Amino acid sequence: MKKTVLSAAFGALAMGVAFASPSQAAEVSACLITKTDTNPFFVKMKEGAAAKAKELGVTLKSYAGKIDGDSESQVAAIETCIADGAKGILIAASDTQGIVPQVQKARDAGLLVIALEPLDAADATFATDNLLAGKLIGQWAAATLGDAAKEAKVAFLDLTPSQPSVDVLRDQGFMIGFGIDPKDPNKIGDEDDPRIVGHDITNGNEEGGRTAMENLLQKDPTINVVHTINEPAAAGAYEALKSVGREKDVLIVSVDGGCPGVKNVAEGVIGATSQQYPLMMAALGIEAIKKFADTGEKPTPTEGKDFVDTGVSLVTDKPVSGVESIDTKTGMEKCWG
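From a predicted model like this one, the values you see are computed outputs, not experimental measurements.

**Q** Tell me about the pairing of strand β9 (residues 251-256), and please be specific about residues and values.
**A** Among the six residues in β9, six count as buried, and that is most of the element. The two faces of β9 match: Leu251, Val253 and Val255 on one face and Ile252, Ser254 and Asp256 on the other face are all buried. Strand direction decides the pairing type here: strand β8 (residues 225-228) and β9, joined by three bridges, are parallel. In the strand pairing of β9, His227 is matched with Val253. Here four bridges tie β9 to strand β10 (residues 272-276), and the two strands are oriented parallel to one another. In the strand pairing of β10, Ser254 is matched with Thr273.

**Q** Describe the packing of aromatic side chains, naming the residues involved and giving the relevant values.
**A** Inspection of every chain in the model, using the stated rule, returns four aromatic pairs. Geometrically, the ring pair formed by Phe41 and Trp336 is edge-to-face, given 5.1 Å between the ring centres and 80° between the ring planes. Linking Phe41 in helix α3 (residues 40-56) with Trp336 in the segment after α12 (328-334), this pair joins segments that are 295 residues apart in sequence. Taken together, the aromatic side chains of Phe41, Phe42 and Trp336 make up a single cluster linked through ring pairs.

Calculation notes
Residues numbered from 1 in each chain as written. Predicted model: local features only at pLDDT ≥ 70, side-chain atom pairs only at ≥ 80, totals over all residues. Heavy atoms only, no water. Buried < 20%, exposed > 50% of the residue type's maximum accessible area, 1.4 Å probe, protein only. Helix = DSSP H or I, 4+ residues; strand = E, 2+ residues; numbered from the N terminus. Pairing = 2+ DSSP bridges. Phe/Tyr/Trp six-rings, centres within 6.5 Å; stacked < 30°, edge-to-face > 60°.

Listed below in structure tokens is the structure:
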């Protein structure tokens, strides 16, 4: 009865379809659980999972929260996957702490749980090296400014007050790359470098980016470097700068690599961005679940890291010596959204 109720309750949530013959489907099934099914990042993730599932003969079911932060739907989706006899789950958790009991329940039931964003309770994490993503844009900004970097006025447009790991890693990575001592690398806001004007919150969207930029410009109108958590926030920051005639003399850097963001790099709105690869994350995750089903072997982290690194590239049309990068033409070929 429990299985029937769960299946009915989340039938509308499941977005995937079976990609295997009946005999294959009985052997290996997998679940993809994302924060939403509308964010282009997760749309591309689903595309990668579906393509790899079809290639390997894995039955894939996809689930998503109704909105970003909808952890209840993710919890229920895990229950459904356990009840359906899935071999593994790929999850981008909305609440990395609150989801832990359900993740552990899935693992206790014999499922391989792979996090697509850092989640300590999972068997493995397949993710972007967000610290490196931050370092790359920090190094690029410092090299672009040259000696002027020593007198820079830097604004940080972060994600949320809760300081999720992706926020901290990108933020602190930028500081390391730029030559700022981050103090406690696990915390935002304890730095004492005089070049830092301040931090503000964007919620990762354009409106938030604009408001945060306006706030920090009121604090110091001479800001000339802006680190943004993602490209929508960067677009908002640009609009705020444009409204006061500062758009041409402020360096904006970001992380994500979505197609709109790469286009903004090409148009000069963003100086450089670090591109991540959600399709690769999901495809490698499906491969790992299939291997686990066949052999019982769990994924091995990338050497020197505690997760499987799915890659990151700096995208800019203004390359600098000592920082490897790709141009926007190449970035557009690899982008998402």
